[in-house]
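# A look at the structure
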Number of protein chains: 2
Amino acid sequence: MLKLYGGARSRASIVQWYLEELGVPYEFVLLDMQAGEHRNPAFLALNPIGKVPIIQDGDFVLSESGAILLYLAQKYDPSYPSAPEQQAELYQWVLFANATLGPGVFVETSREKEAPVLLGPLSDRLQHHPYILGTSFTVADVALGSMLAYIPLMLKLDLSPYPGVVAYITHLTERPAYKKAMSGRGK
Amino acid sequence: MLKLYGGARSRASIVQWYLEELGVPYEFVLLDMQAGEHRNPAFLALNPIGKVPIIQDGDFVLSESGAILLYLAQKYDPSYPSAPEQQAELYQWVLFANATLGPGVFVETSREKEAPVLLGPLSDRLQHHPYILGTSFTVADVALGSMLAYIPLMLKLDLSPYPGVVAYITHLTERPAYKKAMSGRGK
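Keep in mind that what you see is a predicted model, and the values were worked out from it rather than measured.

## Let's talk about the overall build of chain A
Regarding its fold elements, chain A presents eight helices and four strands. When the elements of chain A are put in sequence order from the N terminus, they spell out β-α-β-α-β-β-α-α-α-α-α-α. Out of the 187 residues in chain A, the part that is buried amounts to 44%. Residue pairs at least 24 apart in sequence account for 61% of intrachain contacts in chain A once pairs closer than 6 positions are excluded.

Pasting the structure below:
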């Protein structure tokens with residue numbers, strides 16, 4: 001069975017949400033990060049950088065939540081697109097979520113400048129579509145939605161100027177798979 | 001012809017390096033970022049978030065340097081792997097470069113803690129292989145190598161504890177395609 005390694009409060013929840021959406025059976029291997037279990041030799045043998053989440057799918061080990069999402073989409077989502085352009089749009093939103101939005105709003109020194117630049121256009125777009133790529137839920141929503149859903153949980157950032165973002169967070173966090181991953185974290 | 005939009009000092013250089021490696025003809029559309037050309041309506045119509053780089057390949061517009069690299073690899077690299085696991089390793093290193101390494105070492109508040117965590121294992125790995133995935137140059141080296149090569153250019157961070165990283169930077173930045181992209185930036 002696919003194993004997902006993560007901490008109780010880690011980006012493993014993002015991967016877990018997507019595994020729940022896909023209905024892929026998995027075992028959650030909970031590491032006690034406060035006790036430094038991610039720095040133990042057994043874990044470093046799987047990921048020398050000692051970051052979570054990682055997955056182990058058979059003999060294959062993969063790190064980076066965004067890469068894991070894309071791998072799972074490609075392997076387990078029956079509606080994964082075949083056109084390179086459509087695949088690239090998924091790459092784009094996963095990279096945007098993890099490399100642009102995350103550092104932009106969660107790094108305190110960039111937040112004030114970046115939040116309107118990033119969240120304004122996102123809000124406009126999300127007011128016209130229920131999902132970031134239009135009418136279908138995709139892995140792009142897992143990457144983007146989980147990063148956006150962290151904002152009200154972790155930051156004092158007024159989202160009221162971005163009603164499309166607020167509606168999107170509400171809509172996604174009501175999904176049973178999201179709730180299961182977030183409430184069952186570590187179980 | 002494929003168009004690459006970027007500023008004189010922007011991540012467009014990363015994409016330009018890879019286009020040079022692939023031998024894909026392209027036009028570099030230089031935006032005067034200091035004059036705010038990336039916030040002009042013409043550019044915002046292509047990318048509402050107003051970030052560079054973007055590419056326009058026929059009618060297809062794509063943003064996020066990491067996503068652009070992966071798209072170009074898939075479309076134009078004849079040795080792009082067909083196995084999902086090998087593709088996922090490319091995703092992993094692109095995500096690592098842009099979402100973990102970049103924010104880890106270029107955000108001042110995290111640098112001291114993250115630099116050894118990230119650069120130590122990378123250095124060990126790179127002392128045993130010329131490229132991050134072994135004996136072949138791949139898109140993963142473009143993503144990882146360009147981010148690493150920014151360190152001595154932009155930061156006061158002593159790389160001497162990481163000889164594998166130093167050798168890798170030296171090795172990659174001697175490639176003609178790298179030199180052409182960096183020296184011809186904006187031409």
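## A few points about the interface of chain A and chain B
Contact residues are listed per partner, giving 31 residues for chain A and 31 residues for chain B. Taken together, the elements giving at least two residues each to the side of chain A that touches chain B come down to strand E4 (60–63), helix H3 (65–76), helix H4 (84–106) and helix H5 (108–126) of chain A. Among the elements that line the side of chain A that touches chain B, the one with the most residues is H4(A), at twelve residues. The residue makeup of the side of chain A that touches chain B, split by class, is 18 nonpolar, eight polar and five charged.

## Section: the relation of the copies chain A and chain B
Laying chain A over chain B is done by rotating through 180° and shifting 0.0 Å along the axis; what remains is an RMSD of 0.0 Å. What the superposition gives is, in effect, a two-fold axis relating one chain to the other. If distances are taken from each C-alpha of chain A to the rotation axis, the shortest is found for A:Ala99, at 2.0 Å. The overlap is high: 100% of the interface residues of chain A also sit at the interface in chain B, so the same surface is used on both sides.

## Quick word on the domain arrangement of chain A
By convention, interface size is frequently given as the accessible area that disappears when the constituent parts associate. Residues and elements named next belong to chain A. With domains assigned, chain A is organised as domain 1 (2–77) and domain 2 (84–176). Domain 1 and domain 2 are separated by 22 Å when their C-alpha centres are compared. In this complex, domain 1 contributes ten residues to the contact, which on the side of domain 2 involves nine residues. Elements that contribute at least two residues to the side of domain 1 that touches domain 2 include exactly helix H1 (12–22) and H3.

## Some remarks on the pairing of strand E3 (residues 54–57) of chain B
Residues and elements named next belong to chain B. Across three bridges, the pairing between strand E1 (residues 2–6) and E3 is antiparallel. Bridged to Tyr5 within E3 is Ile54. Pairing between E3 and strand E4 (residues 60–63): four bridges, direction antiparallel. From the neighbouring strand, Asp57 faces E4, where its bridge partner is Phe60. Between the end of E3 and the start of E4, which pair antiparallel, lie two residues, with Gly58 showing a positive phi angle near 65°.

## Considering the sheet that holds strand E2 (residues 26–30) of chain A
Residues and elements named next belong to chain A. One open sheet accounts for four strands, arranged E2-E1-E3-E4; its pairing is mixed. At either margin of the open sheet sits one strand with a lone partner, and together these are E2 and E4. Direction aside, neighbouring strands of the sheet carry axes that sit 20° apart on average. Together, strand E1 (2–6), E2 and strand E3 (54–57) form the strand contacts of H1, whose direction differs from that of E1 by roughly 150°.

## Some thoughts on the packing of helix H6 (residues 139–154) of chain A against helix H7 (residues 163–173) of chain A
All names here are of chain A. Two elements in contact, H6 and H7, have axes separated by 9 Å at closest approach and are oriented at 110°. When the axis of H6 is compared with that of H7, the two are roughly perpendicular. Residues Asp141, Gly145, Leu148, Ala149 and Pro152 of H6 form the contact with H7, whose participating residues are Val165, Tyr168, Ile169, Leu172 and Thr173. A per-class count over the contact of H6 with H7 returns seven nonpolar, two polar and one charged.

## Re the environment of B:Ser123
All names here are of chain B. Position of Ser123 among the secondary structure elements: in helix H5 (residues 108–126). For the pair Ser123 and Pro163, spaced 40 residues apart in sequence, the C-alpha to C-alpha distance is 6.3 Å. Beyond its immediate chain neighbours, meaning those up to four positions away, Ser123 contacts Tyr162, Pro163, Gly164 and Val165.

The rules behind the values
Residues numbered from 1 in each chain as written. Chains lettered and ligands numbered in written order. Predicted model: local features only at pLDDT ≥ 70, side-chain atom pairs only at ≥ 80, totals over all residues. Helix = DSSP H or I, 4+ residues; strand = E, 2+ residues; numbered from the N terminus. Buried ≥ 20, exposed ≤ 12 C-beta atoms within 10 Å, placed from the backbone. Contact = placed C-beta atoms within 7 Å. Nonpolar A, V, L, I, M, F, W, Y, C, P; charged D, E, K, R; others polar. Least-squares fit on C-alpha atoms with pLDDT ≥ 70 in both. Domains from an automatic or database assignment. Pairing = 2+ DSSP bridges. Axes fitted to C-alpha atoms, helices over the stretch in contact; angles between N-to-C directions. Parallel < 35°, antiparallel > 145°, perpendicular 65-115°, else oblique.

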